[in-house]
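Listed below are the residues making up each chain.
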Amino acid sequence: ETGVTQTPRHLVMGMTNKKSLKCEQHLGHNAMYWYKQSAKKPLELMFVYSLEERVENNSVPSRFSPECPNSSHLFLHLHTLQPEDSALYLCASSQDLNRVQGYTFGSGTRLTVV
Amino acid sequence: GIQVEQSPPDLILQEGANSTLRCNFSDSVNNLQWFHQNPWGQLINLFYIPSGTKQNGRLSATTVATERYSLLYISSSQTTDSGVYFCAPSYSSASKIIFGSGTRLSIRP
């Protein structure tokens, strides 16, 4: 256990479904991140939150909607996804945006869009 | 833009062998992490190493910040070392860390 917990571990959804990914960290960190990892591609940063404020949004389609209700929880709401959105979605946290002590990652949610 | 290059892209070794993975980066870093991603997708932090040398069991890492590279050494490889190893420098000029494309290591019994 890394201290960052993601649920569910696996998710299969249709293109018309609405689902949410959840991330919870027990490390007392102030910054949280969503990354997407597609097959044979580098990890892509999607969103950055610091103290519950979104500080970065890397041109992510609006069908992905993040939510950070408090510094321990991060959600990624999904709706009307496309098959190319199938990927491993990873959550990470760090003490702050300076990341001097680095990132801690969750185990990821493997998403399949059918 | 900021570049991170890892080599080799793929490495196949017999159990017991030693290996060296390299990461070159294009700008001054304020931190650098090495991660191991296991076959189930979990990214495990191995080292925070902006400079100098650290050792943890069979693994060690060295970062030479002035020459903009880092090396990860794995000695006496075990099959559980298989997976993808990522280098991820962090830059004070950017609000994110940059991941390399990884080295895929396969250890054969």
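Right above here is the structure, for reference.
Now for a look at the structure at hand.

Calculation rules
- Residues numbered from 1 in each chain as written.
- Chains lettered and ligands numbered in written order.
- Predicted model: local features only at pLDDT ≥ 70, side-chain atom pairs only at ≥ 80, totals over all residues.
- Heavy atoms only, no water.
- Buried < 20%, exposed > 50% of the residue type's maximum accessible area, 1.4 Å probe, protein only.
- Helix = DSSP H or I, 4+ residues; strand = E, 2+ residues; numbered from the N terminus.
- Pairing = 2+ DSSP bridges.
- 1 Å grid on protein atoms, 1.4 Å probe; cavity = no way out; pocket = protein on both sides within 12 Å on 5 of 7 lines; lining within 4 Å.
- Points joined across faces, edges and corners; volume = space filled by probe spheres on them.
- Nonpolar A, V, L, I, M, F, W, Y, C, P; charged D, E, K, R; others polar.
- Core = buried A, V, L, I, M, F, W, Y, C linked by side-chain atoms within 4.5 Å.
- Disulfide = S-S within 2.5 Å.

Right, let's get into the pairing of strand S9 (residues 87-94) of chain A. Residues and elements named next belong to chain A. Across the 8 residues that make up S9, a large majority, 8, are buried. Residue alternation in S9 divides its side chains into two sets, Ala 87, Tyr 89, Cys 91 and Ser 93 and Leu 88, Leu 90, Ala 92 and Ser 94, and both sets are buried. In terms of strand pairing, S9 meets strand S11 (residues 109-113) through 3 bridges, oriented antiparallel. The residue bridging Leu 88 from the neighbouring strand is Arg 110, located in S11. Inspection of the sheet shows S9 paired to strand S10 (residues 104-105) by 2 bridges, in the antiparallel sense. The residue of S10 that forms the bridge with Ser 93 is Thr 104.

This part takes up the layout of surface pockets. Each pocket or cavity is described by its volume, and for the largest pocket that value is around 600 Å³. Every residue lining the largest pocket is counted, 26 residues in all, and those nearest its centre are Gln 37 and Lys 40 of chain A together with Gln 37, Val 84 and Arg 104 of chain B. Looking at the lining of the largest pocket, the elements that each hand over two or more residues are S9 of chain A together with strand S9 (83-90) and strand S10 (103-108) of chain B. Ranked by residue count, the leading element in the lining of the largest pocket is S10 of chain B, at 4 residues. Class assignment for the residues of the lining of the largest pocket results in 9 nonpolar, 12 polar and 5 charged. Taken as a whole, the second largest pocket spans an internal volume of roughly 160 Å³. For the second largest pocket, the full set of lining residues is Lys 36, Glu 44, Leu 45, Met 46, Asn 58, Ser 59, Val 60, Pro 61, Arg 63, Phe 64 and Asp 85 of chain A. Ranked by the residues each element gives to the lining of the second largest pocket, the list is headed by strand S5 (residues 44-50) of chain A, at 3 residues.

If you look at the biggest cluster of nonpolar residues, it comprises 22 residues, and the most contacted ones within it are Trp 34, Phe 64, Leu 76 and Leu 78 of chain A. In terms of nonpolar packing, the next biggest core, distinct from the first, is built from 21 residues, Leu 21, Phe 47, Leu 59 and Cys 87 of chain B among them.

If you walk through the whole model with that rule in mind, you get 2 disulfides over all chains. Residue pairing for Cys 23 of chain A: its cysteine sulfur links by disulfide to Cys 91 of chain A, the two sulfurs lying 1.9 Å apart. An S-S torsion of about -70° defines the bridge between Cys 23 of chain A and Cys 91 of chain A as left-handed. On the criterion of sequence distance, the pair formed by Cys 23 of chain A in strand S3 (residues 18-25) and Cys 91 of chain A in strand S9 is long-range, its members being 68 residues apart. Both residues of the pair, Cys 23 of chain A and Cys 91 of chain A, belong to the buried class. Two residues share a disulfide in this structure: Cys 23 of chain B and Cys 87 of chain B, whose sulfurs sit 1.9 Å from each other. On the S-S bond that ties Cys 23 of chain B to Cys 87 of chain B, the torsion sits near -50°, and the link is left-handed. Of this pair, Cys 23 of chain B sits in strand S3 (residues 19-25) while Cys 87 of chain B sits in strand S9; the two residues are 64 residues apart in sequence, bridging distant segments of the chain. According to the relative accessible area criterion, Cys 23 of chain B is buried, its value standing at 0%. When its relative accessible area of 0% is taken as the criterion, Cys 87 of chain B is described as buried. Here Cys 68 of chain A stays unpaired: no disulfide links it, and the sulfur of Cys 91 of chain A, its closest cysteine neighbor, is 9.1 Å away.

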